Amino acid sequence: MLDFMKSYLTVIIINLIALIWLLFSVLRSKSKTRKSLKIAFKTFLRILPIIIIIVVFIGFLLGFLPPEIISEVVGEQAGFLGIMVTAILGSILFIPALISFPLAASLLNGGASIMSVAAFITTLTMVGIVTLPLELREMGKKITIFRNIFSFVFAIIIALIMGAIL
């Protein structure tokens, strides 16, 4: 119950800060604020289908995979293999980071280790298997391969550090 209250308080504080900045923006320039809100609303509508798909995916994932299986595959007892599984998954998937955070929270609640979730989030944002063709065309083969390999290695290192700290 206490964790729920902390989360609720955090949401209230973040929304109050956003509201204060919105009021400040309205006082500075109503037309720019209106234009910005229109852009934000259009962006929200554009990413809404992705958000819905991810929420449904999380629901199916947690519905079909009991916490015992999640814990076994990417939990503490899975060790380095669990970190590698989530790192590879994060490297392959193309999910906006903002949407991946609820998925990461669901994995944590399902029994995944901190290291596995850190590897997932880090590789999701740093390694780009899906964007590889574009990256190859724009940056060249050598830079693209080095960047992705180093990003993957550093994601694993970051996950191990997160496990040691937390």
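Residues numbered from 1 in each chain as written. Predicted model: local features only at pLDDT ≥ 70, side-chain atom pairs only at ≥ 80, totals over all residues. Heavy atoms only, no water.

Asks: Tell me about the nonpolar core, residues and numbers included.
Replies: The biggest cluster of nonpolar side chains holds 14 residues, and the ones touching the most others in it are Ile95, Ala112 and Val117. Looking at this core, the elements with two or more residues in it are α2 (30–64), α3 (67–74), α5 (97–109) and α6 (114–126). Sequence-distant contacts of Val117, that is, excluding residues within four places in its chain, are made with Ala104, Leu107, Leu108 and Ala112. In terms of nonpolar packing, the next biggest core, distinct from the first, is built from six residues, Ile83, Ala87, Ala118 and Ile156 among them. (Core = buried A, V, L, I, M, F, W, Y, C linked by side-chain atoms within 4.5 Å. Buried < 20%, exposed > 50% of the residue type's maximum accessible area, 1.4 Å probe, protein only. Helix = DSSP H or I, 4+ residues; strand = E, 2+ residues; numbered from the N terminus. Contact = heavy atoms within 4.5 Å.)

Asks: Break down the packing of aromatic side chains for me, citing the residues and quoting the values.
Replies: Within this structure, the stated rule accounts for two aromatic pairs. Seen in terms of ring centroids, Trp21 and Phe24 are 5.6 Å apart; in terms of plane orientation they differ by 90 degrees. Their pairing is edge-to-face. Pair noted here: Trp21 and Phe24 are both in helix α1 (residues 2–28), with a separation of three residues, about one helical turn. When its relative accessible area of 56% is taken as the criterion, Trp21 is described as exposed. Summarising the aromatic geometry, the rings of Phe146 and Phe150 are spaced 6.0 Å apart at their centres and angled 20 degrees between planes, so their arrangement reads as stacked. One end of the pair, Phe146, and the other, Phe150, are both in helix α8 (residues 141–165), four residues apart, so they sit about a helical turn from each other. (Phe/Tyr/Trp six-rings, centres within 6.5 Å; stacked < 30°, edge-to-face > 60°.)

Asks: Account for the side chain of Thr86, with residues named and values stated.
Replies: Mapped onto the fold, Thr86 is located in helix α4 (residues 79–92). A relative accessible area of 4% places Thr86 in the buried class. Those residues in contact with Thr86 that lie beyond four places of it in its chain are Val74, Ser116, Ala119, Phe120 and Thr123.

Asks: For the domain arrangement of the protein, give the residues involved together with the corresponding values.
Replies: Domain boundaries assigned for the protein yield domain 1 (1–64) and domain 2 (67–166). A straight line from the C-alpha centre of domain 1 to that of domain 2 covers 25 Å. Taken together, the seven residues of domain 1 in the interface contact eight residues of domain 2. For the pair domain 1 and domain 2, the summed buried surface comes to about 670 Å²; carbon and sulfur atoms form 92% of the total. For the pair domain 1 and domain 2, the interface holds zero salt bridges. Here domain 1 and domain 2 share zero residue pairs in polar contact (both at pLDDT 80 or more) between them. (Domains from an automatic or database assignment. Buried area = accessible area lost by both parts, 1.4 Å probe. Salt bridge = Lys/Arg side-chain N within 4 Å of Asp/Glu carboxyl O. Polar contact = N/O pair within 3.5 Å; in protein donor to acceptor, adjacent residues only side chain to side chain.)

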